[in-house]
Each structure stands twice: as C-alpha cells, then as structure tokens.
Amino acid sequence: MVEINRTKVEAVIEREARNFSKTHPTSRRMFERARKSMIGGVPMNWMVEWPGAFPIFAKKAKGSRITDVDGHTYVDFCLGDTGAMFGHAPEATVRAATAQLRKGITTMLPTEDTIWVGEELARRFGLPYWQAAMTATDANRFALRMAREATSRRKVLVFNGCYHGTVDEALVRLVNGRVAPREGAMPHPIDPELTTKVIEFNDPAALDQALATGDVAAVLMEPALTNCGIILPEDGYLDAVREVTQRTGTVWIIDETHTWCEGPGGYTRAHGLKPDIITLGKPIAGGIPAAAFGLSKELYEKTIHNMLAETTGVNGLGGTLTGNALALAAMRATLEKVITPKAYNHMIPLAKKFHEDVQQTIREHGLPWHSVQLGTRVEYRFRATPPRNGEEAIAAKDPLLNKYVHLYDLNRGILLTPFHNMALISPYTTRKDVDLHSNVFRESVREILS
Ligand SMILES: Cc1ncc(COP(=O)(O)O)c(C=O)c1O
C-alpha cells in the first residue's frame, strides 16, 4: 500500500500558506482591521476554520461561484455549508424576497404564502402539520419540546458523531460508554448525562436497550449521519428505529437539514420513512434565515392544546421574527422554483461523477481512503472503508491531511466545506467544475506520495 509522506504534507502546507497570503492581500488587510472590533475578525466564530491564516472576504456569491475582494473567483462546493445548497442567490428566491421586502418584512401576522408553504411541506414530507422556525437549531429545540410535551418524559437520545445545531442535549459525545460534552463545547447548563443518552449508529440492539427504560422522550437523528463524514444506515436499520420507537412510545425526530440532499422530499420521502417529527433548515429559503418542523397527526393532537393555549407567547416555541413575511415569501419561491425534481436530476449525477473521480484517484494510488455519496453530497475520508458509526468516523480524523486538501484546493480556485472534506453540488455546478476538482485532487495526492 502506498504511503503518504507527512513531511512532504507539512512542507507543501507551508508553501501553500505562503502563496495564499501573498495572493490575498485585500482579504488579509480586511481581516486585520476586522479583528480589532469583531471577535476573531469574523462575524461568526466558525469562519475562522477556513484554511490559511485568514478567511477570504467574499464580494459576491452567485450560482456556484464566489468572488473574493482580491478578484479571485472560486468554484464553491461548500455552498454556505448547505445554506446555499441550491446555489447562491437563486433567481426565483431573489425576485420573491425583493418584492416582499417592499411589502413589509415582519408584522407578526400570517401572509398568504403561509398556506402554500404548509401545503407543500405536507405534500413533500408526508407530515400534515407544520410550523416555521428561524434556524435548524431552533427547529430541533422546538421538536424536542414537542416530544417532551407529548410523552411527559425528559431524556433525549442522539447518536455518537451527531450534530444538530447548538442544541445543548445534542452537543455530546460517547466517551468510554458515557455521555460527555462534545470536545470543545462551551459549558453545558447542566450535566448532559442528565438530559441525554448517546449510542452508536447502526446498532439496533443498543437502541433497543436505551429505549427499554421508557424515559426517553425522543430519538433525534439524521437518517444518514452527515456531520462526521457520511455514514449511511445499514439495511433494515431505520426500520428497526421505527419499530423500537413505536413500541416504547418514543417520538422519532428526523433532522433532514442536510439529508434533504437525497431528494425533493428528503431522505424520508426517498426511503418511505414514517417519522413523528421532521425538522428542516438551512436551504429552505435559499439562504434567507428560515426553518420548519412538521408533526404527525398524533403528535399534533397530543401537543396542540398547550401549544395554542393562552400562554402560547411564552411556551418556549417560536420567536419574534419567526415566520416573518420575508422568510415565508422566500420559502415559497425556493420550494416552488428552486428545490425542484429538475434541480436534483442535474445535481445527483454530477455528485456521482465527483464521487467516482475521487474513488478513481484513491484506487489508482492504492490509498487507504474512501468516498461516500449521499444524493447531492459527497465526502471523502482518510480511512479505507466507510465507517459504520461515529466512533469509527471520529477515530479516522486526520487534521493535517484535512488542512492540506482544503488549502491546496483554495489556492486552485476550489472551496470545500471547512469542517469536512465535503462537496455539495448545486443546480449551477457544471461538469467542468467537477473536472476541475478531480484534476486538482489527483494533483494534490501526487504531491504527497513517498
Ligand atoms: C443536521 C443538522 N441539523 C441542524 C443543524 C443546525 O443548523 P443551523 O446552524 O442553521 O441552526 C446543522 C448544522 O450544521 C446540521 O448539520
């Protein structure tokens, strides 16, 4: 088997970092100034995770391209880490949002778009009752409240390696069989062992055992994990999840925020799943902040009384700007004209091509790496076979190689999502864009072989 020469990796990273700094003087200047007033020089802390000594400052993002303040244009496979999965500034969303901006942004009143959006979400995802949220984090927090309300139980079960936003109960890891705060998480309000059970994905017996105690309100999960590389469910696993949640009276929440990449009705629709709650966020309004959660009829009937009681304004759901007119207009246009079957028909075959090209290079060099495709999403990892669960995925982390490929790509006009080796294909991505990545990936591998 071929060896990666880590000394070479480090040397090339140094060379690439120097090149990056030299070719991005305006971003560097802006960063240095921004640092004096914005924490870390960025408006949100995750943005410090880009490779190089500073992030590029964006001037324009349109379709599958981002242009920075130094005049470089990139093929964007990050797509706002899924927020712009259907392209930057999609025409239909921009038109509808612009029109709505002139007609009022937020009024604490429903607009007619509400009806269209509710009916469309019900049609696509198969759950009858929906409410808007601002972010996927919000949608997940609200979904957990609904599950606790419906079951009168407190605990939540999530999977090792998961990410569901800044939801305290889910910012956890399984460490030596115990629930622990996720590495790097700022302090939890209470010990997460009191709120959460964590098990490994693809282990039906562990789920059975964890739910047998009857104290878990909800299982919150992505149907395929996407936040520690892509981990696909094994045959029959999701059927087992449905069976045991139903048998133990546990609410099954599917977080489709990322797995919406599988088709217009998400992984749920594509695989005929029957969850009690679905949460959605990120691309639902083309990048304008919006999210949603949907309830089964049974959940709706169990929760509706308290949800709409006189005290509804303080029951822990919603927020002042939630469900605003701008978000609903953007959701409607995006669902109607952007997140369409036609878009997936373009995106999925290109994602397959991206995945096959990466695999081809891996095979050519006998590298102990692999690539996984999930609809319009592709991720490659530095282990020989796809992991079955979070533990295996976390053990395969290789920060040095991660930094290497991200920086190498960045200097050659390609943006990959910072926390992953993940590519998202948009409706605007072309075969040429994919070929560019395939060639650069091959070149990047050749440079670091022994
Ligand atoms: C599966 C999943 N759910 C929820 C979220 C939270 O999304 P947001 O940060 O937009 O609230 C994320 C973010 O990466 C996610 O990956």
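Since we're looking at a predicted model, the values are computed, not measured. Residues take numbers from 1 onward in each chain, read along the sequence in its written order. Reporting in this predicted model follows two pLDDT cut-offs: at least 70 for local features of residues, and 80 or more for side-chain atom pairs to be given and counted; totals over whole chains, interfaces and linings ignore these cut-offs and use all residues. The basis for every side-chain value is the complete set of heavy atoms in the structure, and neither hydrogens nor water enter the calculation.

**With respect to the overall build of the chain**
Helix and strand labels come from DSSP, where a helix needs a run of H or I of at least four residues and a strand needs a run of E of at least two; each type is numbered from the N terminus. For the chain, the helix and strand inventory stands at 14 helices and 16 strands. Relative to its length of 450 residues, the chain is compact, with a C-alpha radius of gyration of 22 Å against a globular reference of 22 Å. Each of the three principal axes of the chain carries a C-alpha extent, and together these read 65 × 55 × 45 Å. Type-normalised accessible area, obtained with a 1.4 Å probe on protein chains alone, sets the label of each residue: buried when under 20%, exposed when over 50%, and partly exposed for intermediate values. Put simply, the chain has 450 residues, and 54% of those count as buried. As defined in this context, the radius of gyration uses C-alpha atoms, and a globule is described by 2.2 Å times the residue total to the power 0.38.

**Description of the side chain of Thr 93**
Topologically, Thr 93 is positioned in helix α3 (residues 91-103). The class for Thr 93 is buried, based on a relative accessible area of 4%. Every residue in contact with Thr 93, bar those within four places of it in the chain, is listed here: Ala 285, Gly 286, Ala 330, Ala 333, Thr 334 and Val 338. Whether two residues are in contact is decided by their heavy atoms: any pair within 4.5 Å suffices.

**Some thoughts on the site of the ligand**
Close contacts around the ligand come from 13 residues, with Thr 137, Asn 227, Asp 255, His 258 and Lys 282 the closest. The definition of a polar contact used here is a pair of N or O atoms within 3.5 Å, where within protein one atom must be able to donate a hydrogen and the other to accept one, and adjacent residues in sequence count solely through side-chain atom pairs. Here an oxygen atom of the ligand sits 3.0 Å away from a polar atom, N or O, in the side chain of Asn 227. Side-chain polar atom of Lys 282 to an oxygen atom of the ligand: 2.6 Å apart, as the coordinates give it. Residue-level accessible areas treat just the shown protein chains as cover; the underlying method is Shrake-Rupley with a 1.4 Å probe. Contact with the protein chains removes 89% of the 390 Å² of surface that the ligand exposes when unbound. Proximity criterion: a residue is near a molecule or strand once any of its heavy atoms comes within 4 Å of it.

**Regarding the packing of helix α4 (residues 113-125) against helix α10 (residues 325-337)**
For the pair α4 and α10, the least separation of the axes is 9 Å and the interaxial angle reads 45 degrees. The orientation of α4 relative to α10 falls into the category oblique. Here α4 runs over α10; the crossing is left-handed. Of the residues in α10, those in contact with Asp 113, Thr 114, Trp 116, Val 117, Glu 120, Leu 121 and Arg 124 of α4 are Leu 328, Ala 329, Met 331, Arg 332, Leu 335 and Glu 336. Each residue is assigned to one of three groups, with Ala, Val, Leu, Ile, Met, Phe, Trp, Tyr, Cys and Pro labelled nonpolar, Asp, Glu, Lys and Arg labelled charged, and all others, Gly among them, labelled polar. Class assignment for the residues of the contact of α4 with α10 results in 7 nonpolar, 1 polar and 5 charged. Between N-to-C directions, angles span 0 to 180 degrees; the directions come from axes that are lines fitted to C-alpha atoms, helices contributing only their stretch in contact. For classification, angles of less than 35 degrees are called roughly parallel, those exceeding 145 degrees roughly antiparallel, those between 65 and 115 degrees roughly perpendicular, and all remaining angles oblique. A clockwise turn of the near helix away from the far one marks a right-handed crossing, whereas an anticlockwise turn of less than a right angle marks a left-handed crossing.

**Considerations on the sheet that holds strand β9 (residues 216-221)**
Two strands make a pair as long as DSSP finds a minimum of two bridges between them. Pairing is mixed in the open sheet, where 7 strands are placed in the order β4-β12-β11-β10-β9-β5-β8. Two strands lie at the open edges of the sheet, namely β4 (129-133) and β8 (196-199), each paired on one side alone. Each adjacent strand pair in this sheet contributes to an overall mean axis angle of 20 degrees, direction not counted. Of the pairings in the sheet, the one linking strand β10 (residues 251-255) to strand β11 (residues 277-280) comprises 3 bridges and is parallel in character. Within β11, the position partnered with Ile 253 by the bridge is Ile 277.

**Things to note about the pattern of salt bridges**
Here the idea is simple: oppositely charged side chains can pair when their charged atoms come close. Whenever Lys or Arg places a side-chain nitrogen within 4 Å of a carboxyl oxygen from Asp or Glu, that contact is recorded as a salt bridge. Counted under the stated rule, the structure contains 30 salt bridges. Glu 91 is paired through a salt bridge with Lys 62; the nearest N and O atoms lie 3.0 Å apart. Separated by 29 residues along the polypeptide, Glu 91 in helix α3 and Lys 62 in strand β1 (residues 58-62) bring together distant segments of the chain. Glu 91 gets classed as partly exposed once you look at its relative accessible area, which sits at 43%.

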